[in-house]
Amino acid sequence: MATLYVTHHPDDFRSLLPLIAAEFNPSSRPRVLTENPPGSLNARCRPTLVLGTGGPDSVLCGSTAVSWYLAFQGKRVGSDLKQQSQVWQWLSFAENELMPVSCAVVFPLIGVGGMDKKLHQSSRAELMRVLKVLDQALAPRTYLVGESITVADMAVAAAVLLPFKYSLEQSDRKAVTNVTRWFTTCINQPQFLNVLGEVKLCEKMEPVTQRPNAPVNTKTADVGPAADSAKSTANGAPKTEAQLKKEAKKREKLEKFQQKKEMEAKKSSQPPAEKKAKPEKKELGVITYNIQTPLGEKKDVVSSLPDSYSPQYVEAAWYSWWEKQGFFKPEYGRNISEENPKGVFMMCIPPPNVTGSLHLGHALTNAIQDTLTRWHRMRGETTLWNPGCDHAGIATQVVVEKKLMRERGLSRHDLGRDSFIQEIWKWKNEKGDRIYHQLRKLGSSLDWDRACFTMDDKLSYAVQEAFIRLHEEGVIYRSKRLVNWSCTLNSAISDIEVDKKELTGRTLLPVPGYKEKVEFGVLVSFAYKVVDSDEEVVVATTRIETMLGDTAVAVHPADPRYQHLKGKMVLHPFSDSKMPIVFDDFVDMSFGTGAVKITPAHDHNDYEVGVRHNLPFINILDESGLLINVPPPFLGMKRFEARKAVLQALKDRGQFKETKDNPMVVPVCSRSKDIVEPLLKPQWYVSCTDMGKQAADAVREGRLKIIPDHHLKTWFNWMDNIRDWCISRQLWWGHRIPAYFVTVDDPSVNQGEDIDGHYWVSGRSEEEARAKAAKRFNVSTDKITLKQDEDVLDTWFSSGIFPFSIFGWPNENQDLNVFYPGTLLETGHDILFFWVARMVMMGLKLTGKLPFKEVYLHAVVRDAHGRKMSKSLGNVIDPLDVISGISLEGLHAQLMESNLDPLEAEKAKQGQKSDYPSGIPECGTDALRFALCAYTSQGRDINLDVNRILGYRFFCNKLWNAVKFTMKTLGDNFVPSAKAQLSGEESVSDRWILSRLSAAVSLCDAAFKAYDFPTITTSIYNFWLYELCDVYLESVKPVFSKAEDDSVSQQQAGVCRQTLYTCLEVGLRLLSPLMPFVTEELYQRLPRRQPESDPPSICITSYPEREEFCWNSEEVDRDMEFIMTVVKTIRSLRADYNLVKARADCYLQCSDSETASMVQKYSLQIETLSYSQAVVPLTSNQAVPQGCAVAIASDRCTVNLLLKGLIDVEKEVSKLKTKKSDLEKQMEKLREKMMKSDYVKKVPVKVQEQDAEKLRQSQTELEKVNEAIENFLKMM
């Protein structure tokens, strides 16, 4: 076992880091000692990690090296080379950027070093600067590298731990919200909590005389986080002169600090002078829309906009108005029977379950589908997004059965089939439209007048017709095969309703109908005795009770151990029946004894063996899971009680061998939580071979397109190897199968069997079925007795014909002719086979047409850690909680209302606390939709961080402020030009922003056509935030401030207003499909170009197209990109010299006259955006004034910022010389380390690379310091 030597101090971040890293691999966690490592190890500092025996090559020293090794063991260093390189960058950032400044800020507060107020203030300013760099990096991310915690997060979190505990007050934390969110997420992870405990964030920055939880009487006597360097040597040798000097210096500092504390205490004892109370900073509260607006009437847009964006205010009243106005109907503004030259867009919703409530999977589906629908509608196409709801056979029956039992103490059998179905309809009419209300909340622009329910008469007729046509053609047939059986539901279930529960070994699981938990995950070995021999054959099974249905033992034909047993039999110990030993290639010789028990009626593999060798099929389970066809005492036992009884009986007979742990997958019914049993049942099947080939060929030939194309492999794998589809379900709720078993009252006709398809007929009515039967058996109708099948059809059967059943198929009508086939099917990739494939097969078979031209498959939503969302993990998120916000207590309360086991509930609570320590903030619908569309770049799965959605709520606030500023700037009398076009009078800023607007339009147009949602969201976000708000609005403020000076200024301001209006109006239209509520609210406040004819709502205006906005200029973009480089260089210089308010003159030395001319052209923009006093372009031969700070913007331009008279030069030089001295010492120490003879051999390559990078960074920093000193000296 490895040994980790750390300091015992609770604030020693260098020791905390490896301790956290070790927690991520608990199986190989090192032994931890809070003492110095033995002198023989030649360890220079703590932490030190000693591997194995502690030889010279097995000792790692230093926080970074030790943490990397431990994190590597726990697979927390990045998933590939690129991520590992990024991790190293962050480790270097923590070591070189964060740790020094964190220590400079915090050490004086906790008594390590004296307190120099000015130095402390500048250190705090530097800390905030570094944290803002980190904040910007974290804006689009949950973690620093990848989608889970790495050692990068551990190192950077350890580096900022002390500031968060002792110096970053609430106002500081608000300035770096992304860092605070990320840090809080990290420290609430179980691994961090195990090491740090609960971290209390700083409320008020003040010196701490006694550090919390400091241990007493430990083996060492540290006095602070840096204490290792101030102790006696590890082997007890006397301290060196340098060490003693260092200690004396430290004592002197501590004494001064103590004196200062005494002075402060004296002051505090005197009566305080009266101070003016500072006004409290108010948090922005929730703003609501309180103007009485009748449902369906237009919202008030005359009142002034609130000061800030509030989702509750914005999202009120709009949806009912949109719906009442008919904006979502394809008939709006046109006759659908007339051909639309712009085309038709039709998409049907993946019908959610009638029992369902909204989850993030629905939210993602609807965000993407509604965005696409709104885009097509705004393009002028005849657009229909058809809503619908699935009857959800099993789920609905279970819900109503539970309700009946809870409220009336009745089962469905007590009521009878007809009365029970009436109860379901009653429940559906009361509760079944909840999901529709939630879809409206998401802003889904569905045509609600066309909403369909799969049990409606229209759809039920289509289902009946589909079954009858396929049955008559022989595509649907009757057969007895193994199915997935739920004993609790008494029904077969589909593969998608079977959860695969992975077990690592022995596990006790709850099973419905059993008081005690049942054991799974064990392999039981027992022996079958060979007939007429003393030999025995040992077999093993995880389901020992199924041995009662064994009919053979199988071995591999090439297994030498069993060749002599060819033709032999084994004896069943309980039924005394003789079973053959069969030889079959499916047996794995290397597993166990190489002999396998065969239970053909209860195992899918054994079924195939049974068919190949013509074995008996003995069904030992009835529909409720009770044992049948077995000898006493097992007859009538429940299956898992028989498990114990069989095991004991084998032990009594001496045939039991052993039980051992066995990793396995247990099939669990997702609806009833019962253990699924393979059971032989006569069922109805759809022959899929020919239909599967047609579906595969449609994709191969390009008639059907699947996007993204990495799903093609899955598609072809399923279609080319498709198995027949079981469509029977033993339920009462659903489409009852229109098939009748025929009994003929005629001695010339033999009595039929259930599995004989010849004795089954289908019909639209009993009369039709009777006529068919009479014709088949050549008898009169009075000789025929019919009994309709009790079963119902699989829900996926009705879903498979949904794209045309919703339009009244098989009856011809206008909707069917106009909207079928559809344009697009958009859904999650997880139901590619269960739904998409079946729609394609059924559409081709029954209509001769593909149901749609394209299939776009989005990702599956997971939580921020990549885990599947499940109630047992407590990580299921209701989108309405993201939209409206919810406290941590509210999330906990939801858990308590669920049916979770108390232990699981507690575990889930901890998960919630870790992920949402402050609950989920109110984000609003628009931010949620935008975030979900932005997330689709992550491939197959989406790891959703709720905190990132909040960033898009702030984006909404940016839009809000931009429009408010614009409305104020435009004024009440502004009239926009009739058409968006260039006037020729635009300034360089106007031309640039219109060029960027044109680029955004082109990007969105191309990206929508390619289903590239991240490009859409990024281009719109960048235009609004980084180009319009950050640059253009700032650069034109001087234009408006001088607007009344003269006629030229007035004209320039007028052109600027038109440009600004165009940017906002077009920018809102670009954004409208993604954020319908906020864009409608803001668009309604803008004046219209043509008030008489412009559409009443943004959702039916035209979407901007590149042909209309063709103003993109590469030259203007290139020039402005150069100008922004200059601006950023000036801003960087200002930050370096801490120029906060003072404006300095800026001399831009240009390499050629062309660049100087460009700088002159953009001088107003540079001056405004860089906060400069004046901008003076110079050619290379013109002198620069003395006293300037210098920085190179590019090879064409050098920035000279005149600092003389603005700063204290002597003080700045003194600070820089101190920094230079520190850097030179660090570099010398590093060079000494790297020059050692055994450095290359002993030090890991990664650490060598890190040292080289440190040296390079220090060299660069030293050059900058020397340059700055030289510049300052010129000013003196």
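Everything numeric in this text was worked out from a predicted model, so none of it was measured. (Residues numbered from 1 in each chain as written. Predicted model: local features only at pLDDT ≥ 70, side-chain atom pairs only at ≥ 80, totals over all residues. Heavy atoms only, no water.)

Another aspect to go through is the overall build of the protein. A tally of regular secondary structure across the protein gives 42 helices and 37 strands. Counting only C-alpha atoms, the protein reaches 125 × 90 × 60 Å along its principal axes. In the protein, 76% of the contacts between residues at least 6 apart in sequence involve partners at least 24 apart. Total accessible area on the protein is roughly 59500 Å²; 50% of this is exposed by carbon and sulfur atoms. Treating the 162 positive side-chain charges of the protein as one cloud and the 165 negative ones as another, the clouds have centres 5 Å apart. (Helix = DSSP H or I, 4+ residues; strand = E, 2+ residues; numbered from the N terminus. Contact = heavy atoms within 4.5 Å. Areas by Shrake-Rupley, 256 points an atom, 1.4 Å probe, with all protein chains shown as cover. Lys, Arg positive; Asp, Glu negative; His and termini not counted. Charge placed at Lys NZ, Arg CZ, Asp CG, Glu CD.)

Summed over the entire model, instances satisfying the criterion amount to 63 salt bridges. Lysine 845 is the salt-bridge partner of glutamate 473, the closest N and O atoms lying 2.6 Å from each other. Here lysine 845 lies in helix 26 (residues 832–847) and glutamate 473 lies in the loop between helix 17 (457–472) and strand 9 (476–486), a separation of 372 residues in the sequence. (Salt bridge = Lys/Arg side-chain N within 4 Å of Asp/Glu carboxyl O.)

As a further point, take the nonpolar core. Within the largest apolar cluster, 168 residues are counted, with the highest numbers of intra-cluster contacts made by Trp1024, Leu1028, Leu1148 and Ile1166. Ranked by residues supplied to this core, first place goes to helix 33 (residues 1013–1035) with twelve residues. Contacts of leucine 1148, omitting those with residues within four sequence positions, involve Val1126, Ile1130, Val1159, Ile1166, Val1175, Val1176, Pro1177, Leu1178, Cys1197, Thr1198 and Val1199. Core analysis: the next-biggest nonpolar cluster, separate from the first, contains 76 residues, Leu384, Ala466, Trp715 and Val749 among them. (Core = buried A, V, L, I, M, F, W, Y, C linked by side-chain atoms within 4.5 Å. Buried < 20%, exposed > 50% of the residue type's maximum accessible area, 1.4 Å probe, protein only.)

Here the focus is helix 2 (residues 63–73). Burial within helix 2 is extensive, with eight of its eleven residues counted as buried. Of all the residues in helix 2, the buried ones are Ser63, Thr64, Ala65, Val66, Ser67, Trp68, Leu70 and Ala71. At the exit of helix 2 stands lysine 75, carrying a positive phi of roughly 55 degrees.

Next up on the list: the packing of aromatic side chains. Here the distance between the centres and the angle between the planes together describe a pair of aromatic rings. Enumeration according to the criterion identifies 48 aromatic pairs in this entry. Ring centres 5.3 Å apart and planes at 85 degrees place the aromatic pair tryptophan 321 and phenylalanine 327 in the edge-to-face group. Tryptophan 321 gets classed as buried once you look at its relative accessible area, which sits at 5%. Judged by centre distance (6.0 Å) and plane angle (25 degrees), the ring pair of tyrosine 477 and tyrosine 685 falls under stacked. Of the two residues, tyrosine 477 is situated in strand 9 and tyrosine 685 in strand 22 (residues 677–686); the sequence distance between them amounts to 208 residues. In this structure tyrosine 685 comes out as buried when scored by relative accessible area, which is 3%. (Phe/Tyr/Trp six-rings, centres within 6.5 Å; stacked < 30°, edge-to-face > 60°.)

Put simply, side chains in a regular strand alternate between the two faces of the sheet. Extensive coverage of strand 22 is indicated by the burial of nine of its ten residues. When strand 9 meets strand 22, the two strands line up antiparallel, connected through ten bridges. Across the sheet, residue tyrosine 477 finds its bridge partner in strand 22, namely tyrosine 685. With two bridges joining them, strand 22 and strand 24 (residues 725–726) adopt antiparallel strand pairing. Looking across to strand 24, one finds that valine 686 is bridged to tryptophan 725. (Pairing = 2+ DSSP bridges.)

This part takes up the sheet that holds strand 9. Two strands in a sheet stick together by hydrogen bonds in their backbones, pointing the same way (parallel) or opposite ways (antiparallel). Taken in spatial order, the four strands line up as 10-9-22-24 in an open sheet, and their pairing is antiparallel. Strand pairing shows two members of the sheet lacking a second neighbour, strand 10 (491–492) and strand 24, which therefore form its edges. Running over the sheet, helix 18 (residues 604–612) touches strand 9 and strand 22 and is turned about 140 degrees from strand 9. (Axes fitted to C-alpha atoms, helices over the stretch in contact; angles between N-to-C directions.)

All right, on to the sheet that holds strand 34 (residues 1146–1150) then. Strand order in the open sheet made by the four strands is 35-34-37-36, with mixed pairing throughout. Single-partner strands in this sheet number two, and they are strand 35 (1175–1179) and strand 36 (1188–1194). Mean inter-strand twist for the sheet, computed between neighbouring axes without regard to direction, equals 25 degrees. Two strands pair when backbone bridges link them, and strand 36 and strand 37 (residues 1197–1202) are joined in this way by six bridges, in the antiparallel orientation. Counterpart to serine 1194 in the pairing with strand 37 is cysteine 1197. Relative to the sheet, helix 38 (residues 1153–1161) contacts strand 34 and strand 35, its axis offset from that of strand 35 by approximately 170 degrees.

Take empty space enclosed by the protein next. Summed over all chains, the structure comprises five cavities of 30 Å³ or more. Of the pockets and cavities examined, the second largest cavity occupies roughly 40 Å³. Taken together, Gly393, Ile394, Glu497, Arg729, Leu731, Val792, Leu793, Asp794 and Thr795 make up the lining of the second largest cavity. In terms of residue class, the lining of the second largest cavity is made up of four nonpolar, two polar and three charged. (1 Å grid on protein atoms, 1.4 Å probe; cavity = no way out; pocket = protein on both sides within 12 Å on 5 of 7 lines; lining within 4 Å. Points joined across faces, edges and corners; volume = space filled by probe spheres on them. Nonpolar A, V, L, I, M, F, W, Y, C, P; charged D, E, K, R; others polar.)

This part covers helix 29 (residues 902–915). The first and last C-alpha atoms of helix 29 sit 20 Å apart over 14 residues, in line with the 20 Å expected at 1.5 Å per residue. The complete set of buried residues in helix 29 reads Ala905, Ala908, Gly911, Gln912, Ser914 and Asp915. Buried residues in helix 29 make contact with helix 7 (177–187), helix 28 (888–897) and helix 31 (946–970). (Expected span 1.5 Å × (residues − 1).)

Its location among the elements puts leucine 17 in helix 1 (residues 13–23). The buried category is assigned to leucine 17, whose relative accessible area is 2%. Sequence-wise, leucine 17 and glycine 951 are 934 residues apart; in three dimensions their C-alpha atoms are separated by 29 Å. If sequence neighbours within four positions are ignored, leucine 17 has contacts with Ser63, Ser67, Met154, Ala155 and Ala158.

Along the chain, the position of lysine 1254 falls in helix 42 (residues 1245–1275). Sequence-distant contacts of lysine 1254, defined by excluding residues within four places in its chain, comprise Glu95, Asn96 and Leu1230.

A few words on unusual backbone geometry. At the junction of proline 632 and proline 633, the peptide bond is cis and its omega measures out at 5 degrees in the coordinates. Relative to the assigned elements, proline 633 resides in the loop between helix 18 and helix 19 (639–653). That bond from tryptophan 809 to proline 810 is cis: its omega, 10 degrees, falls within 30 degrees of zero. Within the secondary structure, proline 810 sits in the loop between helix 24 (802–805) and helix 25 (814–819). At lysine 75, a residue that is not glycine, the phi angle is positive and equals roughly 55 degrees. Relative to the elements of secondary structure, lysine 75 occurs in the loop between helix 2 and helix 3 (81–106). Given a relative accessible area of 75%, lysine 75 falls into the exposed group. Phi angles above zero are rare outside glycine, and alanine 317 is one such case at about 75 degrees. Looking at alanine 317, the relative accessible area reads 24%, which means it is partly exposed.

Moving on, we get to the state of the cysteines. This structure, assessed with the given rule, holds zero disulfides. Its sulfur unpaired, cysteine 669 is 10 Å from the next cysteine sulfur, which belongs to cysteine 487. Overall, the relative accessible area of 0% leaves cysteine 669 in the buried class. Distance from the sulfur of cysteine 688, which forms no disulfide, to the nearest cysteine sulfur (cysteine 726) is 11 Å. (Disulfide = S-S within 2.5 Å.)

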